[in-house]
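One-letter residues, chain by chain:
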There are 2 protein chains.
Amino acid sequence: MPRIALIGLGTIGLSMAALHLDREDTSVAVFDPRPDLNEYIRRRLPQLLSSSQGGPVDTLVDTLFSNSRLSIHDTLSSAVSSAEVIQEQGPENEAFKQRTWREIETLALPSAQFWSSTSGIAASIQNVQMTDPSRLLVVHPFNPPHIMPLIEIVPGPTTKQACVDFAVAYFSKHGHHRPVVVRKEIPGFVGNRLAFALFREACSLVNEGVVHARDLDTIVMASLGPRWATQGVFESYHAGGGEGGLASFLDKLGGTMQQVWDGLGTVNVKPQNVDAQDDGVQDDGVVRWKEKVVDQVNEAYGPFTADKAKKKETLLKQVLDVQKDI
Amino acid sequence: MPRIALIGLGTIGLSMAALHLDREDTSVAVFDPRPDLNEYIRRRLPQLLSSSQGGPVDTLVDTLFSNSRLSIHDTLSSAVSSAEVIQEQGPENEAFKQRTWREIETLALPSAQFWSSTSGIAASIQNVQMTDPSRLLVVHPFNPPHIMPLIEIVPGPTTKQACVDFAVAYFSKHGHHRPVVVRKEIPGFVGNRLAFALFREACSLVNEGVVHARDLDTIVMASLGPRWATQGVFESYHAGGGEGGLASFLDKLGGTMQQVWDGLGTVNVKPQNVDAQDDGVQDDGVVRWKEKVVDQVNEAYGPFTADKAKKKETLLKQVLDVQKDI
């Protein structure tokens, strides 16, 4: 059975543990410096494991421990030494990841696969201190990984094709997850780039007083969300063009589309260069839109609660069930 | 019962007819210059009417005609003369709409509501030849209107609040549709602006070879689509920030987000000004990305078929059913 070592067991790491353990043929070795790791796993993991695990919830983790499908390790060395896959979801910090991979490389089996769950630090940045950087790739999940089907597989320019193929095969195997290979390293990869492009315009529209944050959410949930849950973006516009497909759609809607593109909002969340930071107007602009958006969102939704999260998770699972008929 | 006159019975108009007729308390008078209007309605409308209409499909339209809930008119005058709501979905052409509203204004009841289903021409442009421009507003649906819940209500600066309130109340009444007021006239309104912002980046990523069009669709369907079908954009990131909400999320992801925003793609679908049209490089760039994207989409999906459309519609209805638990 594939032996997975998980380095870092925060929210994403724990959900990844559930993802791996929901597959019958795996074992998971975990390493995380948090002092209450054992108690934390016992408290949180059972809620994430699929009901197909069977057995009473309060003894699920005991069973996983006793049949060696799950093990907790005090050292990185012990966690990774016999692993076929070593997956890290530690701090999003270049120095940490570079140091960690250099160390893992000296401890791991020569055949082990190296995966990072990072959402922002490319493999080609993480691997700079490795002797053989060709084993490392990014395996970027969407939150929560044990439920959300997307896995973005992002190799660096020097990553071996065999490692890409291994990751694709692993995540394809059980049907629920949908690995997609992203062919170039690019900030935010693909999913977040698309979301952030839309989010920038969303923030701008709220800032400009075109629509309230809650109403914008209603708009998305009453149109784009359901549409894109059942049809891709290109597929939708291809259908929208009728018999002429996407080409017709672009001819027909191109004028409005270009008008929108020419006028897209350009709010900034963090000035990136000295010029921007030195620019009082720009800086003031940043503060102003953030406050406006955050205030409206807080007013609309109030504090985050576990109950709300649970309810949304149930709905998400139901939508994913509908997708099974596609 | 509300008497609706529908001017223009293309794809959107026919679906709008179904939307109105699915409500028990309405009657619909239609006007469209197409010569086969009667036959077209008899062939296409029954497929769009909700099953709650009851009765055998082949006599549904006969029943609607015989109890005067549906009527076909040879003249604009006859269609609108006793209507409480006059809704146009004619050609997306400023001159046509301006002329039509001027004429309708002379024929309609003084109390009639004037709605345009346009996706691109603001009320303040459509109303310039009217004596009283304050009755007109945009009622922009998403395709297909009888299924998709969103109705964007976009008043012009001079539209009466009572007309906005009437439209919101009408579309709110039966629970399925979700009218949202857009507070400023802006190209693409809100839903299409958000979609087009994402679509621009999608086209750019395909053009840059980061991801194949089909894989990009998979990415959206395996993450953003299901997410936004169950949670709004702001609500999702608010939850993503944990206890600190959206403010924490922006602090935590702000660096990557700004990096993405600074590098968003800028493909163009139609050069808008003389400079751009005169610029051979720009023009060549436009052609190149369009061909690449259209080729990949045609390869991925092939020609549009009625069967595919029907299947996607069924899935869309299932996702909207899940939303009823929100």
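Here is what the cut-offs are and how they apply
- Residues numbered from 1 in each chain as written.
- Chains lettered and ligands numbered in written order.
- Predicted model: local features only at pLDDT ≥ 70, side-chain atom pairs only at ≥ 80, totals over all residues.
- Heavy atoms only, no water.
- UniProt positions renumbered as here; feature names shortened; annotations may be inferred.
- Helix = DSSP H or I, 4+ residues; strand = E, 2+ residues; numbered from the N terminus.
- Buried < 20%, exposed > 50% of the residue type's maximum accessible area, 1.4 Å probe, protein only.
- Contact = heavy atoms within 4.5 Å.
- Areas by Shrake-Rupley, 256 points an atom, 1.4 Å probe, with all protein chains shown as cover.
- Lys, Arg positive; Asp, Glu negative; His and termini not counted.
- Charge placed at Lys NZ, Arg CZ, Asp CG, Glu CD.
- Polar contact = N/O pair within 3.5 Å; in protein donor to acceptor, adjacent residues only side chain to side chain.
- Least-squares fit on C-alpha atoms with pLDDT ≥ 70 in both.
- Arc of directions from axis to C-beta.
- Domains from an automatic or database assignment.
- Buried area = accessible area lost by both parts, 1.4 Å probe.
- Salt bridge = Lys/Arg side-chain N within 4 Å of Asp/Glu carboxyl O.
- Nonpolar A, V, L, I, M, F, W, Y, C, P; charged D, E, K, R; others polar.

Within an unreviewed UniProt entry, the label attached to chain A reads L-gulonate 3-dehydrogenase, and the organism entered is Penicilliopsis zonata CBS 506.65. According to the UniProt record, the Sequence similarities (unreviewed entry) comment for chain A reads "Belongs to the 3-hydroxyacyl-CoA dehydrogenase family." Comment text from UniProt for chain A, heading Subcellular location (unreviewed entry), reads "Cytoplasm".

Scanning chain A from terminus to terminus reveals 15 helices and eight strands. When the backbone C-alpha atoms are referred to their principal axes, chain A occupies close to 60 × 45 × 45 Å. Residue burial in chain A is summarised as follows: out of 326 residues, 57% are buried. Counted over contacts in chain A with a minimum sequence separation of 6, partners at least 24 positions apart contribute 66%. When the accessible surface of chain A is summed, it comes to about 13,200 Å², and 51% of that surface belongs to carbon and sulfur atoms. Charge centroids of chain A, computed over 31 positive and 39 negative side chains, lie 4 Å from each other.

For the rest of this paragraph, the subject is the side chain of Ser116(A). Residues and elements named next belong to chain A. Inspection of the secondary structure assignment puts serine 116 in strand β5 (residues 113-116). The class for serine 116 is buried, based on a relative accessible area of 0%. Separated by 3.2 Å, the side chain of serine 116 and the backbone nitrogen of threonine 118 make a polar contact. Within the local environment of serine 116, its side chain forms a polar contact with the side chain of glutamine 126, the two groups lying 3.0 Å apart. Once you skip the residues sitting within four places of it in the chain, serine 116 turns out to touch Glu88, Lys97, Trp101, Gln126, Leu136, Leu137, Val138, Val139 and His140.

Rotating chain B by 180° about the axis while translating it 0.0 Å along that axis superimposes it on chain A, leaving an RMSD of 0.0 Å. The superposition operator between the copies reduces to a two-fold rotation axis. In this assembly the copies share their binding face: 100% of the residues contributing to the interface of chain B also contribute to that of chain A.

A few words now on unusual backbone geometry. Residues other than glycine predominantly adopt negative phi, and peptide bonds predominantly adopt the trans conformation. Residues and elements named next belong to chain A. Cis geometry marks the peptide bond from asparagine 143 to proline 144; its omega dihedral reads -5°. As for its position among the elements, proline 144 is in the loop between β6 (136-141) and β7 (150-155). Even without being glycine, serine 68 reaches a positive phi, approximately 65°. Among the secondary structure elements, serine 68 is positioned in the loop between α3 (57-66) and β3 (70-72).

All names here are of chain B. Turning to helix α3 (residues 57-66), its buried residues number three or more, namely Leu60, Val61 and Leu64. Take α3 and look down its axis: the buried residues cluster within an arc of 85°, on one side only. Exposed and facing more than 90 degrees away from the buried side of α3 are Asp58 and Ser66. On its buried face, α3 is in contact with α1 (11-21), α2 (37-48) and β3 (70-72). Among the residues trailing α3, serine 68 stands out with phi positive, at a value near 65°.

All names here are of chain A. Partitioning chain A into domains gives domain 1 (3-181) and domain 2 (191-230 + 268-323). The gap between the C-alpha centroids of domain 1 and domain 2 is 29 Å. In this complex, domain 1 contributes twelve residues to the contact, which on the side of domain 2 involves eight residues. Both sides of the domain 1 and domain 2 interface together cover about 690 Å² of buried area, and 63% of this is carbon and sulfur. Among the residues of domain 1 in contact with domain 2, Phe142, Ile147 and Arg178 are the three that bury the most area, contributing 51% of the side total. Scanning the region where domain 1 abuts domain 2 turns up zero salt bridges. Our enumeration of links across domain 1 and domain 2 arrives at two residue pairs in polar contact (both at pLDDT 80 or more). Taken together, the residues that form the side of domain 1 that touches domain 2 break down as five nonpolar, five polar and two charged.

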